[in-house]
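# Topology and contacts: notes
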Amino acid sequence: MKQLYGYVMLFIYSCLSSILMLLLLGGGIAIFYFLKGNEFNFPLGQLKRAIVFGCIAGSAITLATIVFNLIDKINARKKPPSDPK
């Protein structure tokens, strides 16, 4: 149960950090165009896209972590301990 809680927290953290990164990138691009002389344009579609893609990226990060942890557990069971001499 403790491990499941860790994966849920990892999922939430990775989704939020991915969303924040995408919002910062979109805001940086909007500021660049604003400083270039055009108007500041950060459309609502960009916000929705950042949320959706951030959740997709967070899911992929969590899934990769789970798969790699399972692979490590399987490999740890297969290898016998070495005999130190």
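Now for a quick tour of the structure. For every chain, the first residue of its written sequence is number 1, and the numbers climb from 1 along that sequence. In keeping with the predicted nature of the model, local features appear solely for residues at pLDDT of at least 70, side-chain atom pairs appear and are counted solely at 80 or more, and the whole-chain, interface and lining totals rest on all residues. To get the side-chain values, take all heavy atoms of the structure and skip hydrogens and water.

## What about the packing of aromatic side chains?
Aromatic rings in a pair are described by how distant their centres are and how their planes are angled relative to each other. Stacked, tilted and edge-to-face are the three classes assigned to paired rings of Phe, Tyr and Trp, where Trp is represented by its six-membered ring and a pair needs centres within 6.5 Å; plane angles under 30 degrees give stacked, over 60 edge-to-face, the rest tilted. What the rule picks out here adds up to two aromatic pairs. On the numbers, 5.6 Å between centres and 65° between planes, the contact of Phe32 with Tyr33 is edge-to-face. Burial classes: relative accessible area under 20% of the type maximum marks a residue as buried, over 50% as exposed, and values in between as partly exposed (1.4 Å probe, protein chains only). For Tyr33, a relative accessible area of 41% gives the class partly exposed. Taking the centre distance of 6.3 Å and the plane angle of 85° together, the rings of Phe34 and Phe40 count as edge-to-face.

## Describing a nonpolar patch on the surface
Patches here are clusters of residues that have more than 30% relative accessible area and form no salt bridge, with a 9 Å joining cutoff for like charges and a 5 Å cutoff for nonpolar side chains (Val, Leu, Ile, Met, Phe, Trp, Tyr). A 1.4 Å probe and the Shrake-Rupley method give the accessible areas. Residues count as covered only by the protein chains that appear here. In the sections that follow, a salt bridge refers to a side-chain nitrogen of Lys or Arg positioned within 4 Å of a carboxyl oxygen of Asp or Glu. A cluster of nonpolar side chains, namely Met1, Leu4, Tyr5, Val8, Met9, Phe11, Ile12 and Leu16, defines an oily patch on the protein surface of about 860 Å² accessible area. Relative to the helices and strands, Leu16 resides in helix H1 (residues 2-36). Runs of E in the DSSP output that reach at least two residues are strands. Runs of H or I that reach at least four are helices, and both are numbered from the N terminus.

## Brief notes about the packing of H1 against helix H2 (residues 44-78)
Lines fitted to C-alpha atoms define the axes here, with helix axes fitted over just the stretch in contact, and angles between the N-to-C directions of these axes take values from 0 to 180 degrees. Look at H1 against H2: their axes get within 7 Å of each other, and the N-to-C directions meet at 140°. At the point where H1 passes H2, the crossing takes the right-handed sense. When the residues that make up the contact of H1 with H2 are grouped by side-chain class, the tally is 15 nonpolar, 11 polar and one charged. Handedness of a crossing follows from how the near helix is turned relative to the far one, being left-handed for an anticlockwise turn of less than a right angle and right-handed for a clockwise one. Charged means Asp, Glu, Lys or Arg here, nonpolar means Ala, Val, Leu, Ile, Met, Phe, Trp, Tyr, Cys or Pro, and polar covers whatever is left, Gly included.

## A look at the environment of Cys15
Note that Cys15 resides in helix H1. A sequence separation of 42 residues divides Cys15 from Ala57, and the C-alpha atoms of the two residues are 6.8 Å apart. Throughout, a residue-residue contact means that at least one pair of heavy atoms, one from each residue, lies within 4.5 Å. Those residues in contact with Cys15 that sit more than four places away from it in its chain are Gly54, Cys55, Gly58 and Ser59.

## Focus: H1
The first and last C-alpha atoms of H1 sit 51 Å apart over 35 residues, in line with the 51 Å expected at 1.5 Å per residue. Residues Tyr7, Ser14, Cys15, Ser18, Ile19, Gly26, Gly27 and Ala30 constitute the buried set of H1. As for H1, its buried residues are in contact with H2. After H1 finishes, the residue Gly37 shows a positive phi value of roughly 125°. By this rule, a helix spans an expected 1.5 Å times one less than how many residues it contains.

Purely spatial values, then, with no claim about function.
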